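Inside the fold
Residue strings, one per chain:
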Amino acid sequence: MHSNKGEIRIIAGEYRGRRIKVASRPGLRPTPDRVRETLFNWLGQWLDGLSCLDLFAGSGALGFEAASRSAARVVMVESDRAAFSALEAARDRIGARAVELVRSDANEYLAHSRDRFDVVFLDPPFRQNALPAVLERLVPRLADKARVYIESAAPAAPAAPGERWRELKRGRAGQVSYQLFEWRGDDQGSLPGHV
């Protein structure tokens, strides 16, 4: 796991082995190789035809990995100018045609987007406690059975039991907790009051 701190390597797929330069920004922590490997094992390695959202794109580690594994569309949202410029440079260098870059705040993007996504990567800055609000705003953007990956300091609990989130997997690497959830958009069976 000793890689140059200023770059990450795409693990598998079309862009396998390609390196992406990472902007040197406070709080920017690219998802470690081992965690990315685990995540894509959970997702089933290939994302053929799926639409993905990398909401706090940062280094782009997750979004570029998804694009490399045949995702039809990967929208990366990043508000930091330097990080965004690094994403543009990386996309152009590796020729990731499926990647769309949006320079925006995550909550603003969710408020204005009309798209729905099959896979969402959420890795917000740990200190901001952004997850609860983001998860709430994310729901209308989720396709049925969408899978949502969350990286945070402590395990996340997106909803009260009996609601439509189901935790599929969880793991921990150093200071990072990571989980995969499934959203059941059409799951009316769990709503109370329907007999």
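Just so it is clear, the structure is predicted and the values come from calculations on it, not from any experiment.

1. A short note on the packing of aromatic side chains
Taken as a whole and assessed by the stated rule, the structure comprises 5 aromatic pairs. Members of the aromatic cluster, joined through ring pairs, are F40, F121 and Y149.

2. Structural notes on unusual backbone geometry
One non-glycine residue, Q45, lies in the positive phi region at around 70°. Inspection of the secondary structure puts Q45 in the loop between α1 (33–43) and β3 (51–54).

3. A short note on the packing of α1 against helix α2 (residues 61–68)
Their axes nearest at 11 Å, the elements α1 and α2 cross at an angle of 45°. In this view, α1 runs oblique relative to α2, as classed from their interaxial angle. For the pair α1 and α2, the crossing hand works out as right-handed. Note on element contacts: α2 touches α1 through A61, L62, E65 and A66, opposite R36, L39 and F40. Counted by class, the contact of α1 with α2 contains 5 nonpolar, no polar and 2 charged residues.

4. Focus on the nonpolar core
Ranked by size, the top nonpolar core spans 35 residues in total, and within it L39, F64 and F121 carry the most contacts. Those residues in contact with L39, other than ones at most four positions away along the chain, are L62, F121, Y149 and L180. Counting 24 residues, the second-largest nonpolar core is a separate cluster that includes L53, V120, A156 and W183.

5. Structural notes on the side chain of S113
Mapping S113 onto the fold places it in the loop between α4 (106–112) and β6 (117–122). In this structure S113 comes out as buried when scored by relative accessible area, which is 7%. Only 3.1 Å separates the side chain of S113 from the backbone nitrogen of D115, close enough to count as a polar contact.

6. Section: the pattern of salt bridges
One pass over the structure, following the stated rule, counts 13 salt bridges. As a salt-bridge pair, E100 and R73 come within 2.6 Å of each other at their nearest N and O atoms. In this pair, E100 sits in strand β5 (residues 99–103) while R73 sits in strand β4 (residues 73–78), placing the two residues 27 residues apart along the sequence. You can call R73 partly exposed: its relative accessible area is 21%.

7. Brief notes about the pairing of strand β7 (residues 142–152)
Judged by how many residues are buried, β7 sits mostly within the fold: 9 of 11 residues are covered. Pairing of β6 with β7, which is carried by 5 bridges, proceeds in the parallel orientation. Looking at β7, one finds that L122 is bridged to I150. Taken together, β6, helix α5 (residues 131–138) and β7 form a β-α-β motif whose crossover is right-handed. With 6 bridges connecting them, β7 and strand β9 (residues 176–183) associate as antiparallel partners. Each bridged residue has a counterpart across the sheet, and for Y149 the counterpart in β9 is L180.

What counts and how
Residues numbered from 1 in each chain as written. Predicted model: local features only at pLDDT ≥ 70, side-chain atom pairs only at ≥ 80, totals over all residues. Heavy atoms only, no water. Phe/Tyr/Trp six-rings, centres within 6.5 Å; stacked < 30°, edge-to-face > 60°. Helix = DSSP H or I, 4+ residues; strand = E, 2+ residues; numbered from the N terminus. Axes fitted to C-alpha atoms, helices over the stretch in contact; angles between N-to-C directions. Parallel < 35°, antiparallel > 145°, perpendicular 65-115°, else oblique. Left-handed = near helix turned anticlockwise from the far one by under 90°. Contact = heavy atoms within 4.5 Å. Nonpolar A, V, L, I, M, F, W, Y, C, P; charged D, E, K, R; others polar. Core = buried A, V, L, I, M, F, W, Y, C linked by side-chain atoms within 4.5 Å. Buried < 20%, exposed > 50% of the residue type's maximum accessible area, 1.4 Å probe, protein only. Polar contact = N/O pair within 3.5 Å; in protein donor to acceptor, adjacent residues only side chain to side chain. Salt bridge = Lys/Arg side-chain N within 4 Å of Asp/Glu carboxyl O. Pairing = 2+ DSSP bridges. Right-handed = clockwise from strand over helix to strand, strands pointing away.

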